[in-house]
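Results of the structural survey
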Amino acid sequence: MLNRQFKAPKLLNRSEMVPSQKRSAFAFVELLVVMFIVVVLYAVVVGPSREYLQRQKRARCAENLRKLHLTLTLYANEHDGAFPSADGARNSDEALAVLVPKYSSDRSIFTCPATGHAGGQADFAYVAGLRKDGPVSLLASDAQVNAESKRSGAKIFADAEGARGGNHGKAGGNLIFIDGHVETIGTAAPRDLSLPPGAKLLNPAK
Amino acid sequence: MSLQVPTKEIASFNPSATRRSTSVSVVMALIVTLLVVTLGGASWYYFFGRKPKVAMTVALELNGDTATRGLWSAGPDELLLVGDGDVRLIDLATRKKKWTATIPKSVPVDAGWQAAMNARFVRLQQWSDELSHKRTGLTGEAAIKEFNAEAAKYHAALTAARAEMATPRATPPPAAIAKKPASAAAVPAAAEHLKPGHVFGSDRSAVDALRPVVDANVQIIEARMKKRAAKLQAWRTALDAKKANAKTPLQKSAATEEEARFAAELAEQKKDENSLGKPREKSALPVSVAVAPPSGENKEDDGIGNDAFSSDDASGTAKPQAAICGDRLWIVEGSHAVAFERSTGAVKADVRLAGLALRVFSDTATAIVIASAGAEAVQVVRLGADAQPQSSYFFTGRRVPAFSMSEHSVMPGIQDLRTEFAAIGGSLLRVEIRLKEKRVTTRDAIKAGSEKELESVAGGAAAHSADELKAVTALLRNDSARLRGETIEHVDDSTYEVALKRPFEPDAAEWTGILRGRVQVFSTPTLHLVTAGTKLLAFDRANKKLWEATLGSPLPIRRSDGESGGASRPWIEAGGRLFLADGSFLNAFDAKTGQVVWRLPGVGIRKIQMDGEGSLYVQSDNLSVETLAYAMDASLRDAAPITMRIDPADGKIRWQVEKYQDLWASGKDVYVLRETKFAGDLENQVFSPGRAIQARVKIYKLSRENGSPLWEWFQPRHLQAVEVQGKNVALLFGEELQVIRSMCR
């Protein structure tokens, strides 16, 4: 009877004495699963939304270029058809400064939303020395990799954001022509975009 | 026996300590009071002060005719409300009605007689113009004699016409009309006589012959109404007697029930009264046909109106317009203008017009009313505070819409002769626009390849996302436009000869010029402005051209500046500058020289307001620049509207906020409106109208500093008009006028 009632307590070893500490940790496999889920979620949610934002920025950039074209056309209407000339300007910002404030009090139309420069210096490249009634050629674009004429297939925009001519990174950039139409292209010139004689490509200030 | 003095108490009594403790108590009390006041003030501010409250309401008839209502600011802290046949002047300072007056009914006039008189006066005006022209070139005694004889004839004809006009022929009673048989052959004969060019006044047989043609339905309704009115009158008397004699609860209850039945019958009677107006419009058809333009034209209002005169002009169904002229408040409703005394509301004048009032201009002393006088003429009436009304008639050319949707495209309304009016106070400008060379350019209204862009957006967007929905909707709209063949837009690029004339200042020199593109005319406090294409011309009150400027693009074709109380004008003159939004820019010109101070690119700007501090607020539909070229491309029209605060000095945008649809600025305050639509509401309106929310309207007050909302006011009903005066916001709904006021913010 006594033997049955009395039971000596079982001695716990060290690991059994702190069981909660062990249970609170993630197993390596669990950690892997969580990381995998996070990566998948990131890929599913953040990836497309980044792409969507990029696309939106590019559309807004194109709209700013169209507004810039409006102001340039108005300038040309009041200057015998001539768009603003280079006239010693070292960059597009200096060349486009003649538009402020008589043709645009808002400098934000000179900027690309993708660069995050709100209302500051121009982000667009501008081809100075053209006429409104001249042949249809490139008038302005996102910042270009250099100030040279671009033949078909030549690199026109940089692959990386922040790099010279990389307003939209790998997404390429926008071009606006004298007649007001906008083309969204990749990082290389889709066709010959040579500058007409007397024209000068001005990139934004560094 | 000695006096026992409690030594302990004496020892503890210290006068200075008592004073100190009193001071401490006072200070403590003050602190507590201050705390309580501060906490109370803060609580009051949090719960009451920062939010708007209903300052006052004015009840209106629930089923009243909303088209006959209007709300205007009549001066500082004063509102003028017209509705249900009454005029009310409301004092916002005391939150009370100053007075209520009934608008007298205009005397119904025989439509045929009125049409004939209008045509007669137009001919007399033309005769007068011819005489004035002849007078300048008179040479020789014989010519002068001949001129004098003709002038005498003219004056005799004018006197006779005025005498006849002074005693208008009333609309004949239906019974009398019914006696005469309708004659179909009479209509073409009348049409011949009512043609412009025919001299009216001598032969009235054709006009008289028109009157027998009356809609039989009208007579039936009128007869029914008469019978019912007599019955209702008798019932009312009996019911009043019953109510007076009702003593027991049962009798009282029966009287109440009978009262409800009476009210229902009365409502039915009113419904019939309202419906009577509609068949009557039809009944006047023969007269309208005779003077109105051919069918297929004039289906839309071009801002001047296109109504032929009919007997229903007097029925008061037209939207009332107000002119605040010092101590006279003119209400122009239908075909008469009534002057009320500002202090008492007494009716001071009731001026009959030739037809429906089309536009009203006013300043502190004078009101000018342009009224229809047939399809191709107008009557211009100048109403002074005390002087007799001055009236002139002008042949204006047929009024057609600025543009119309034809079977395959948008067509501009090009006319051989068009007349526009603008006014600076009492100085009226009449602009005659004659077509010199017709030229219409065509362009694609839908962007080529836009479907590819949309398909790409729809393909790239997440399934069932808002982007996908937008793109698909735009695709469908474009396809639908293509199916209808509406892919081409025609633009008026014609050349016009424009003449500026002053009807009330005959000595003012006439200005004439040639302009290209559709001509639009409007006025600011100091300038008369004429635009055509991308040209803007400014004139003074003497028709002298002050300056000329270039616009970024032509002004969108809009209604005249006399409409909607001028609230939606995309131009304003203030501080020596003219701010004007054309199709693509907000321009700031020096009002004296026309020099451009600055321009702000922006497509779709439709309202400019300036607050009491001189800040400029702009409401824009924020359209894409491409909408300037592709008028119908649905893919270019889904931008969120924006509200901007702009520095008038340099044109810089101080802040801009999205989503609001309308804007009002007054004093130091700026208010915006947002109306949203829920699909569930639309469903309820169809399946359970009793539960359906009419509208979801929110009025916001914005911070002047950053455009963030300070408070919002939600109302689940349709808003008809808004008038803002500083911290008071008057909202006109179907059944009431509600004035809200925020005390602190």
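Look above for the structure.
One structure accompanies this document, and this report is about it. Since this is a predicted model, take the numbers as computed values, not measurements. Per chain, the residues get numbers from 1 upward, laid out in the order the sequence is written. Written order determines the labels here, with chains lettered from A and ligands numbered from 1. The predicted origin of the model limits local features to residues at a pLDDT of at least 70 and limits the giving and counting of side-chain atom pairs to 80 or more, whereas totals for whole chains, interfaces and linings rest on all residues. Neither water nor hydrogens contribute to the side-chain values; these are computed over all heavy atoms in the structure.

Residues and elements named next belong to chain B. Think of it this way: a Phe, Tyr or Trp ring, Trp meaning its six-membered ring, pairs with another when their centres are within 6.5 Å, and the plane angle makes it stacked under 30 degrees, edge-to-face over 60, tilted otherwise. Taken as a whole and assessed by the stated rule, the structure comprises twelve aromatic pairs over all chains. Ring centres of W547 and F589 lie 5.7 Å apart, and the angle between their planes is 35°; on these two criteria the pair is classed as tilted. With W547 in strand β25 (residues 545-550) and F589 in strand β28 (residues 585-590), this residue pair connects regions lying 42 residues apart in the sequence. Working definition: with a 1.4 Å probe on protein chains only, accessible area under 20% of the residue-type maximum means buried, over 50% means exposed, and in between means partly exposed. W547 gets classed as buried once you look at its relative accessible area, which sits at 4%. Seen from their ring centres, Y617 and W655 are 6.0 Å apart, and the 50° between their planes marks the pair as tilted. Of this pair, Y617 sits in strand β31 (residues 616-620) while W655 is found in strand β33 (residues 653-658), placing the two residues 38 residues apart along the sequence. We note that Y617, like W655, is buried. Secondary structure elements follow DSSP: runs of H or I of four or more residues count as helices, runs of E of two or more count as strands, with numbering from the N terminus.

A word on the interface of chain B and chain A. In this complex, chain B contributes 23 residues to the contact, which on the side of chain A involves 16 residues. Each of two parts loses accessible area, computed with a 1.4 Å probe, when they are put together; buried area is these two losses added. Between chain B and chain A, a total of about 1,600 Å² is buried, with carbon and sulfur atoms accounting for 57% of that surface. Among the residues of chain B in contact with chain A, R599(B), P601(B) and V625(B) are the three that bury the most area, contributing 36% of the side total. Salt bridges are defined by distance alone: a side-chain nitrogen of Lys or Arg within 4 Å of a carboxyl oxygen of Asp or Glu. Linking chain B with chain A are two salt bridges. For the salt bridge of E78(A) with R599(B), the shortest nitrogen-to-oxygen distance reads 2.9 Å. Residues adjacent in sequence count toward polar contacts only when both atoms are side-chain atoms; beyond that, a polar contact is any pair of N or O atoms within 3.5 Å, and within protein one must be able to donate a hydrogen and the other to accept it. Along the contact surface separating chain B from chain A lie eight residue pairs in polar contact (both at pLDDT 80 or more). A per-element tally of the side of chain B that touches chain A places strand β29 (residues 596-601) of chain B first, with six residues. Three classes are used, and their members are as follows: Ala, Val, Leu, Ile, Met, Phe, Trp, Tyr, Cys and Pro are nonpolar, Asp, Glu, Lys and Arg are charged, and the others, Gly among them, are polar. When grouped by side-chain class, the residues that make up the side of chain B that touches chain A number eleven nonpolar, six polar and six charged. Contacts are assigned to residue pairs that have any heavy atoms within 4.5 Å of one another.

Before going further, it helps to spend a moment on the pattern of salt bridges. Scanning all chains against the criterion turns up 40 salt bridges over all chains. When the shortest N-O distance is used, the salt bridge between D192(A) and R151(A) registers 3.8 Å. Of this pair, D192(A) sits in the loop between β4 (182-185) and β5 (200-202) while R151(A) is found in the loop between β2 (138-142) and β3 (173-177), placing the two residues 41 residues apart along the sequence. The class for D192(A) is partly exposed, based on a relative accessible area of 42%. In this structure R151(A) comes out as exposed when scored by relative accessible area, which is 56%. Between R717(B) and E735(B) there is a salt bridge, with the nearest N and O atoms lying 2.9 Å from each other. Here E735(B) lies in the loop between β39 (728-733) and β40 (736-741) and R717(B) lies in the loop between β37 (709-715) and β38 (719-725), a separation of 18 residues in the sequence. Judged by relative accessible area, E735(B) falls into the partly exposed class, the value being 28%.

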